[in-house]
Amino acid sequence: MTESNKPQAQYLKDYKAPDFLINHTELTFDLLPLSTKVSALLTLTRVGDKKAPLVLDGIDLRLLSLSVDAVDITDYEIIGEQLIINNLPDSCRLSIVTEISPETNTSLEGLYLSGGAYCTQCEAQGFRKITYYMDRPDVLSTFDVTIIADKKYPQLLSNGNQIDSGETQNGRHFTKWQDPFKKPSYLFALVAGDFDVLKDSYVTQSGRDVELALFVDKGNLSKTPHAMTSLKKAMQWDEARFNLEYDLDIYMIVAVDFFNMGAMENKGLNIFNSKCVLANQETATDKDYHTIESIVGHEYFHNWTGNRVTCRDWFQLSLKEGLTVFRDQEFSSDLGSRALNRIDAVKVMRTHQFSEDAGPMAHPIRPEKVIEMNNFYTVTVYDKGAEVIRMMHTLLGEQNFQKGMTLYFERHDGQAVTCDDFLSAMSDASGINLAQFKRWYNQAGTPRLNALQSFDKDSNTYSLTVEQLAPLNQPNNEPLHIPFAIELLDANGHSIALEYQGKKIVHVLNVTQSTQTFNFDNISSKPVAVLLEDFSAPCILNQQTDEHALLHIMRFARSDFSRWDAQQQLFINAVKANIKSAESIALSDEIINALRVLVVNQQGDLALIAELLKLPSFDTLAGEFEVIPVDEIIKITQQFEKQIADSLCSEFIQCFESLFDDGSVSANAVAIRSLKQLCLHYLAKTQSIQAAGFIKDAASSSNMTNVLGALSAAVKASHEVCDELLNHFDSQWRHDVLVMDKWFALQAMQTSENAIENIKALYEHPCFDFSNPNRVRALVGSFSHFNTPQFHRADGQGYSLLGDLLIKLNAINPQNASRMLTPFMSWKRYDKVRSRAMKQQLERIAALDGLSDDLFEKVEKALA
Ligand code: B3K
Ligand code: ZN
């Protein structure tokens, strides 16, 4: 690639308001697989420079005609991916007719035909693959859409309300839709297909009737009730907690099997990946149920945070995504277990986000430079973005936070705005100064905190010094405003009331300086401190807490999250200590005993107990080391698991047998299943006859959580029953691709020496399809993320497998390729042999002819 044809970056600092507005957009689609005609009629008004040309974006379009106020024009040029029209009047109607080919569009962006249905994906910049347009989020327009298609597609859907339908003269049919709300092009949607529909309705808090409709592939109706219930819960929750009500008369969700991500919040017409909609007890796990509820909620919540108020430019993506993730996390926490939801969120942060923030793709939650926008739908923008909103919520409190939300909507409803506008609303409504807090939006990297504690028994003073260090990869970062939550426990495990400078304080300290000391008076004996309680800020905390103190926290902390956190730290410390000693690898008796107490007593939430008994993932442990000791981590964690399994075998058996699962979806039944699965996981490692019996029993259950728990325990323990169970699953579920994704994932996690040949053979399986992102991720994504021993084989074969796949996907679906590339991004953190082998794969990709912008941006950064 020469300098001149290298993809160009866009910069936040170069933002310029548009020269034209599109007040109204009329679109007519005449759908045909290879030659869909798109007629666009745009009502334009000049608002900027008198001489400025109109610059429209367009990719892979065949321009058929162009006219202004019904007169054909020639004063235009097409340069690269832009149509530039000169000398337009200050207001006019521009008509553009183009032709596109949905059937050959395998990128799953723009308008595409797959799985027998036409559907669209326009965020971030897919609308330009449909017609020439000002494809930017700050151009808001009303839309009227007419869809004409063959009658084999009975449902023709778009945003807003259906205002007309009928037959055309040539035996086709049409519908016409009108969306009264102004929206940017990225929220446009069209679907044409033959679906089964689940209908329902919802009465809003102000008494308006809303029709709800869920469209799924034929034969899947039995898998729709959970998503519909989730939608109604989300509508109700947003009214109760945020006082936000739905605004159109109809809310539609369509589930499709070919989709790049989880779902898309198009106004009034959400499009979902079928795996985030379809579920019943036979085909989906409890975790799937939870994910579906959360994603249905997330997309619904976007109706206000994203659609009614949208982003000025794509650098502001966290304005809608960070905030909406925060909202969906709160939804899940209000409806279910707050602690378990917090644990899940923090796992994502500590593994994926911290590693992104420390690597070549590190960016602030508001990035400043982007080549391919799709590369910035990241754990940083989404999940760290949500943590930033959560910190604001912690600093302001619920009441002030809600006042801030109300002010934000009062000021900006119907606008495209920036993260600064959000911060101003929060600060103005609460009276709390967020000037320093704003740095969270501009600084990449994970802040490191050192906590130093001392206790003076003569003055009964406990002192805590918190030191902020800039991230290693961002040495110039300035100190942040960090809400630092703490609890002090006395020797009996009771919480100590805190006084700071003679006053009772709430548990959140405002850390704002590089080094800051907090002295607490009237502390009668040396406390055990729970620091950064509930992960109150997305930081790496370095504290010298010994095993005794961690066990005390694990038993007594008021925050269940912090109990889990202490247990994780115990495991992490044990792994580190064993790497150093390298002799007999073992967890201490105290830790084993503490685990035993959990299994035997079964006190509190059983699902939390299951979490407390799990070792940290490979990725979590890897994050603790500068150079990742792959073989040592694998060896030590395997030994620890075997030790736990052998030491607590009879307790696990007893626990497993004593828990009765009534097969329902109640929180209690879900918790029981999760603890039973955990028992099976360890019991499988004992290879006992009894374990084989339990596994086979669970595998024949009619509940997918049990089945998958059994199979995954068997696979992870390389149990002798493995092959038999996997073969049976294949023959039982071949008709259901979504269920087969679970099977592909299990296959990918097998650690036997022929794992790679096995995966290559599975490329030929009748259910496998390289053009379907779900299939590719289930098989190869699971392999590269969860099969550590085989993916990180020292001979590099695991890396070659992924490299080959990326080269193939580059041509089929660049977005999916780019996502699948992630494991290679941290190549520098591995030992010489492994990092060289990963680098070779990156170099192979860099040298590709026709390298997509998506891969180019990441590979270039990785190799820099
Ligand atoms: N906004 C979409 C994601 C779009 C991704 C574009 N590559 C789903 C969501 O976050 O709700
Ligand atoms: Zn979102």
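- As annotated in an unreviewed UniProt entry, the protein chain carries the name Aminopeptidase N and is attributed to Pseudoalteromonas aliena SW19.
- Per its UniProt entry, the protein chain bears the Cofactor (unreviewed entry) comment "Zn(2+)".
- Taken from UniProt, the Catalytic activity (unreviewed entry) comment for the protein chain reads in full: "Release of an N-terminal amino acid, Xaa-|-Yaa- from a peptide, amide or arylamide. Xaa is preferably Ala, but may be most amino acids including Pro (slow action). When a terminal hydrophobic residue is followed by a prolyl residue, the two may be released as an intact Xaa-Pro dipeptide."

Looking at the overall build of the protein chain
Consideration 1: Scanning the protein chain from terminus to terminus reveals 27 helices and 33 strands.
Consideration 2: Over its C-alpha atoms the protein chain spans a radius of gyration of 28 Å, differing by no more than 12% from the 29 Å that the globule rule assigns to 864 residues.
Consideration 3: Its C-alpha atoms put the protein chain at 90 × 65 × 60 Å along the principal axes.
Consideration 4: In the protein chain, which comprises 864 residues, the proportion classed as buried is 60%.
Consideration 5: Long-range pairs, those at least 24 residues apart, make up 71% of the contacts in the protein chain with a sequence separation of at least 6.
Consideration 6: Charge centroids of the protein chain, computed over 80 positive and 111 negative side chains, lie 2 Å from each other.

Considering the coordination of the zinc ion (ligand 2)
Consideration 1: Each protein donor to the zinc ion (ligand 2) is listed here as His298 (NE2), His302 (NE2) and Glu321 (OE); together their distances run 1.9 to 2.0 Å.
Consideration 2: Mapping the donors of the zinc ion (ligand 2) onto the primary sequence yields the spacing H-x3-H-x18-E. Histidine 302 matches histidine 298 in its accessibility class, with the two residues each being buried.

Side note on the site of ligand 1
Consideration 1: Contacts to ligand 1 come from 14 residues, most closely from Glu123, Glu265, Glu299, Asn374 and Tyr382.
Consideration 2: Glutamate 299 is positioned with one of its side-chain polar atoms (N or O) 2.8 Å from an oxygen atom of ligand 1.
Consideration 3: Between an oxygen atom of ligand 1 and a side-chain N or O atom of tyrosine 382, the distance comes to 2.5 Å.
Consideration 4: Isolated, ligand 1 exposes 340 Å² of accessible area, and the fraction of that covered by the protein chains is 95%.
Consideration 5: The set of elements that each furnish at least two residues to the shell around ligand 1 consists of strand S20 (263–264), helix H2 (286–301) and helix H3 (317–335).
Consideration 6: Split into classes, the residues belonging to the shell around ligand 1 amount to five nonpolar, four polar and five charged.

Overview of a negative patch on the surface
Consideration 1: On the surface, Asp546, Glu547, Asp589 and Glu590 cluster together into a patch of negative charge.
Consideration 2: With respect to the helices, strands and loops of the structure, glutamate 547 is situated in helix H8 (residues 547–556).
Consideration 3: With relative accessibility at 32%, the residue glutamate 547 sits in the partly exposed group.

Focus: the UniProt feature "domain: Peptidase M1 alanyl aminopeptidase Ig-like fold" (unreviewed entry) in the protein chain
Consideration 1: UniProt's feature table lists "domain: Peptidase M1 alanyl aminopeptidase Ig-like fold" (unreviewed entry) at residues 445–543, given in the numbering used throughout.
Consideration 2: Its end C-alpha atoms 20 Å apart, residues 445–543 is made of 0% helix and 48% strand.

Section: the nonpolar core
Consideration 1: In this structure, Phe29, Leu94, Phe188, Met392, Phe484 and Ile644 are the most contacted members of the largest nonpolar core, which totals 292 residues.
Consideration 2: Take this core: its biggest share by element is 13 residues, from helix H5 (residues 379–412).
Consideration 3: Beyond its immediate chain neighbours, meaning those up to four positions away, phenylalanine 29 contacts Thr36, Lys37, Val38, Leu111, Ile130, Val145, Thr146, Ile147, Ile148, Phe188 and Leu190.

A word on the sheet that holds strand S32 (residues 528–531)
Consideration 1: The strand order across the open sheet built from three strands is S30-S27-S32, with neighbouring strands paired in antiparallel fashion. Unpaired on one side and paired on the other, strand S30 (508–511) and S32 mark the two borders of the sheet. Strand-to-strand twist across the sheet, computed as the mean angle between neighbouring axes with direction ignored, equals 35 degrees.

Observations regarding the packing of aromatic side chains
Consideration 1: Counting across every chain of the model gives 36 aromatic pairs.
Consideration 2: Between phenylalanine 791 and phenylalanine 824, the aromatic rings sit 6.3 Å apart at their centres with planes inclined by 25 degrees, giving stacked as the arrangement. Taken together, the positions of phenylalanine 791 in helix H22 (residues 788–791) and phenylalanine 824 in helix H25 (residues 822–825) put the pair 33 residues apart, joining distant regions of the chain.
Consideration 3: In this structure phenylalanine 791 comes out as buried when scored by relative accessible area, which is 1%.
Consideration 4: Overall, the relative accessible area of 0% leaves phenylalanine 824 in the buried class.
Consideration 5: Three or more aromatic residues link up through ring pairs in this structure, and these residues are Trp237, Phe242, Tyr246, Tyr251, Tyr300, Phe301 and Phe331.
Consideration 6: The ring of tyrosine 11 has lysine 13 sitting right over it, with the charged end atom 4.5 Å from the ring centre.
Consideration 7: A cation sits over an aromatic face here: lysine 267 above phenylalanine 181, 4.2 Å from the ring centre.

Section: the side chain of threonine 465
Consideration 1: Considering the arrangement of structural elements, one finds threonine 465 in strand S26 (residues 461–469).
Consideration 2: By relative accessible area, threonine 465 is classed as buried at 17%.
Consideration 3: Looking at threonine 465, its side chain comes within polar contact range of the side chain of threonine 517, at 2.9 Å.
Consideration 4: Once residues within four sequence positions are removed from consideration, threonine 465 is found in contact with Asn450, Ala451, Leu452, Thr515, Gln516 and Thr517.

Some words on the environment of glutamine 677
Consideration 1: Counting through the fold element by element, glutamine 677 comes out in helix H15 (residues 667–685).
Consideration 2: Sequence separation between glutamine 677 and threonine 705 is 28 residues; the distance between their C-alpha atoms is 8.6 Å.

Quick look at the environment of aspartate 57
Consideration 1: Of note, aspartate 57 is situated in strand S4 (residues 54–57).
Consideration 2: Using a relative accessible area of 12% as the deciding quantity, one classes aspartate 57 as buried.

Some points on unusual backbone geometry
Consideration 1: For the bond from glutamate 123 to alanine 124, the omega torsion is 0 degrees, close enough to zero to count as cis.
Consideration 2: Positionally, alanine 124 belongs in the loop between strand S11 (117–121) and strand S12 (141–149).
Consideration 3: In this model, asparagine 243 sits at a positive phi of 55 degrees, which is unusual for a non-glycine residue.
Consideration 4: When you line up the elements, asparagine 243 lands in the loop between helix H1 (225–242) and strand S19 (250–256).
Consideration 5: Note on asparagine 243: relative accessible area 57%, which makes it exposed.
Consideration 6: Positioned with a positive phi, asparagine 522 is a non-glycine residue whose angle comes to about 60 degrees.
Consideration 7: Of note, asparagine 522 is situated in the loop between strand S31 (515–520) and S32.

Calculation notes
Residues numbered from 1 in each chain as written. Chains lettered and ligands numbered in written order. Predicted model: local features only at pLDDT ≥ 70, side-chain atom pairs only at ≥ 80, totals over all residues. Heavy atoms only, no water. UniProt positions renumbered as here; feature names shortened; annotations may be inferred. Helix = DSSP H or I, 4+ residues; strand = E, 2+ residues; numbered from the N terminus. Rg over C-alpha atoms; globule rule 2.2 N^0.38 Å. Buried < 20%, exposed > 50% of the residue type's maximum accessible area, 1.4 Å probe, protein only. Contact = heavy atoms within 4.5 Å. Lys, Arg positive; Asp, Glu negative; His and termini not counted. Charge placed at Lys NZ, Arg CZ, Asp CG, Glu CD. Donors = N, O, S within 2.8 Å, 3.2 Å for Na, K, Ca; no water. Near = heavy atom within 4 Å. Polar contact = N/O pair within 3.5 Å; in protein donor to acceptor, adjacent residues only side chain to side chain. Areas by Shrake-Rupley, 256 points an atom, 1.4 Å probe, with all protein chains shown as cover. Nonpolar A, V, L, I, M, F, W, Y, C, P; charged D, E, K, R; others polar. Patch = residues over 30% accessible without salt bridge, like charges linked within 9 Å, V, L, I, M, F, W, Y side chains within 5 Å. Salt bridge = Lys/Arg side-chain N within 4 Å of Asp/Glu carboxyl O. Core = buried A, V, L, I, M, F, W, Y, C linked by side-chain atoms within 4.5 Å. Pairing = 2+ DSSP bridges. Axes fitted to C-alpha atoms, helices over the stretch in contact; angles between N-to-C directions. Phe/Tyr/Trp six-rings, centres within 6.5 Å; stacked < 30°, edge-to-face > 60°. Lys NZ or Arg CZ within 6 Å of the ring centre and 35° of its normal.

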